[in-house]
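# Close look at the chain arrangement
Residues per chain are reported as follows:
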Amino acid sequence: MTFCSRRADRAILRFALCLVMGLFYVRLTAADLLPTAAEIGKQIFLDTSLSQPKGQACISCHQPKHAFADPRPVSPGAVAGRSGTRNSPSLMYAALIPGFVYEEVLTNDGTEIFAHEGGLFYDGRAQDLFQQVQQPFFDPNEMNLPDRATLAERIRKASYAEEFRSVVGEKIWNDDRKLNYHVFRALVEFLQEPMFRPFDARIDDYLAGKKDALSEAELRGLEVFRNDGKCADCHFLQPANWSKPLLSDFGYDNLGVPSRGKKDPGLGGRTKDPDELGQFRAPSLRNVALTAPYMHNGSIATLKEVVEFYNKRDADLQRWGPTDYPQTVNHDDMGKLGLTDQQITDVVALMYAFTDRTLLRVSDKQKFPATKPGTPRTVEIRLLLPGWTHRQHPDFPGVFDHDANDESS
Ligand code: HEC
Ligand code: HEC
């Protein structure tokens, strides 16, 4: 800017003026001109050029109409004929799942035990969302990219490449490892968006004091959910990890669900503790009516069958067939609840009140649900989010040292 020329007469005044203008320019750029990381994360979420072969994106297995889950028991991978062994979970509220911990827990009878809690994936193998979003790209049963260099290469050719490049700057853009870091950060920002955490279900209204938000049948179902069904012992109705109920304690259990072939060791596969074989993290039941089929392996087709399973698993072994790890199945809290048919129908009815209205309004043409007005923006709740941290992420040491010559990936 010639205006800022050093030869100007009243240099100091001009300097001050330039500084103010400069700051104003930066503010304007950041706030109004550049797309936010979350918006880039959204583009990445939709981008089918990031798989090998091309054709698969996050949204292929996490479909908005199904609360970002997959109606198929297991999702096919990018490579024809390949698939994983687990059912794609909902991404609603995934950003609020607490980090993986081994923690002291008080049981119902007041004894203290240590137990695993939280973490992303059914076996909690990702400590936080940032670790989680790195895996699908390179999972041979999912997007199947060979390495981080390929991901960076594909991103540089993406339709949103220019926007992304202008946000991160030249140095990062040309550095595979740093660019990868920003891809993952952008996805995390996207998954933290208000759209994923509306708390807009009728159960929210009811728990907030609107007593007529639930029907007669649903109210009876709530009674069963709290008492005879013992559901609320694990699918918490009270706020625990978040200021509103997430309908899970994020603890681990082996329910003895029907086997679907190859044994899945779940938590025990990671911890190598034989008592934890076949244990999986309790999912949130928010929007559960939209996410059939159920359980970590998609082995139970409907909510009615889920409740029948909890009710009579042990009396009806024939019906459910073998389970992967019978020796660690929880027989204390479920399996022979003695619920009547009416109670079963009522609990099922209740679970329909866990659906966010914003999701009920997603049409076939619409890509994403609307954001419920009044939902706090991410900046307002940042400090409360489980994965948020000031420090550099341990998986990416030195990523902010602009001069460091970091090569490793
Ligand atoms: C081929 C299907 C497929 C694709 C593609 C896919 N996912 Fe997933 N996703 C799954 C499955 C299956 C699981 C559960 C796996 C497990 O527990 O081991 C999962 C789990 C998750 C979770 C953890 C949720 C929880 O409750 O623990 C998140 C978050 C997630 N995916 C986000 C993404 C993102 C972001 C992308 C794109 C980069 C993506 N997924 C691509 C199938 C897929
Ligand atoms: C002891 C803890 C515990 C209790 C009690 C419990 N659940 Fe669960 N629930 C879990 C766990 C753990 C899973 C995941 C198991 C798996 O995938 O293998 C689960 C899964 C589910 C699912 C499948 C969700 C999905 O997205 O696939 C539904 C539905 C469900 N529970 C409803 C209920 C109902 C209704 C009750 C009461 C009748 C109940 N649960 C009682 C721990 C519990």
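Please refer to the structure higher up on the page.
Residues numbered from 1 in each chain as written. Chains lettered and ligands numbered in written order. Predicted model: local features only at pLDDT ≥ 70, side-chain atom pairs only at ≥ 80, totals over all residues.

Here the focus is the environment of S83. Positionally, S83 belongs in the loop between α3 (58-61) and β1 (101-106). Sequence spacing of S83 and E142 is 59 residues, and the spatial spacing of their C-alpha atoms is 7.1 Å. (Helix = DSSP H or I, 4+ residues; strand = E, 2+ residues; numbered from the N terminus.)

Here we come to the site of ligand 2. Near ligand 2 you find 26 residues, and of these G229, C231, C234, Y294 and H296 are the closest. Sort the elements by how many residues they give to the shell around ligand 2 and helix α13 (residues 303-312) lands first, with four residues. Each residue belonging to the shell around ligand 2 can be placed in one class, and the counts come to 17 nonpolar, five polar and four charged. (Near = placed C-beta within 6 Å. Nonpolar A, V, L, I, M, F, W, Y, C, P; charged D, E, K, R; others polar.)

Near ligand 1 lie 24 residues; those nearest to it are C58, C61, F121, Y122 and P136. Breaking the shell around ligand 1 down by element, the ones donating at least two residues are α3 and α5 (135-138). Considering every element that reaches the shell around ligand 1, the biggest residue donor is α3, with three residues. Per-class residue counts for the shell around ligand 1 are 14 nonpolar, eight polar and two charged.

Moving on, we get to the nonpolar core. Core analysis: the biggest nonpolar cluster contains 73 residues, and V183, L187, L191, V347, M351 and F354 have the highest contact counts within it. At the level of elements, α2 (37-46), α4 (129-132), α6 (148-156), α7 (161-168), α9 (176-191), α11 (216-226), α13 and α15 (341-352) are the ones that each hand at least two residues to this core. The element that contributes the greatest number of residues to this core is α9, accounting for nine residues. Shared between two domains, this core holds at least three residues of each, these being domain 2 (37-197 + 375-384) and domain 3 (202-355). (Core = buried A, V, L, I, M, F, W, Y, C linked by C-beta atoms within 7 Å. Buried ≥ 20, exposed ≤ 12 C-beta atoms within 10 Å, placed from the backbone. Domains from an automatic or database assignment.)

With that settled, consider the pairing of strand β2 (residues 112-117). Examined bridge by bridge, β1 and β2 share six bridges and lie antiparallel to one another. Across the sheet, the residue bridging to Y102 is H116, located in β2. Taking the residues that link successive antiparallel strands as the turn, the β1-β2 hairpin has five residues, and the phi of G110 there is positive, at about 90 degrees. (Pairing = 2+ DSSP bridges.)

Listing the buried residues of α11 in full gives E218, G221, L222, V224 and F225. Burial along α11 is one-sided: seen end-on, the buried residues are contained in an arc of 165 degrees. In this structure, the buried residues of α11 make contact with α15. (Arc of directions from axis to C-beta. Contact = placed C-beta atoms within 7 Å.)

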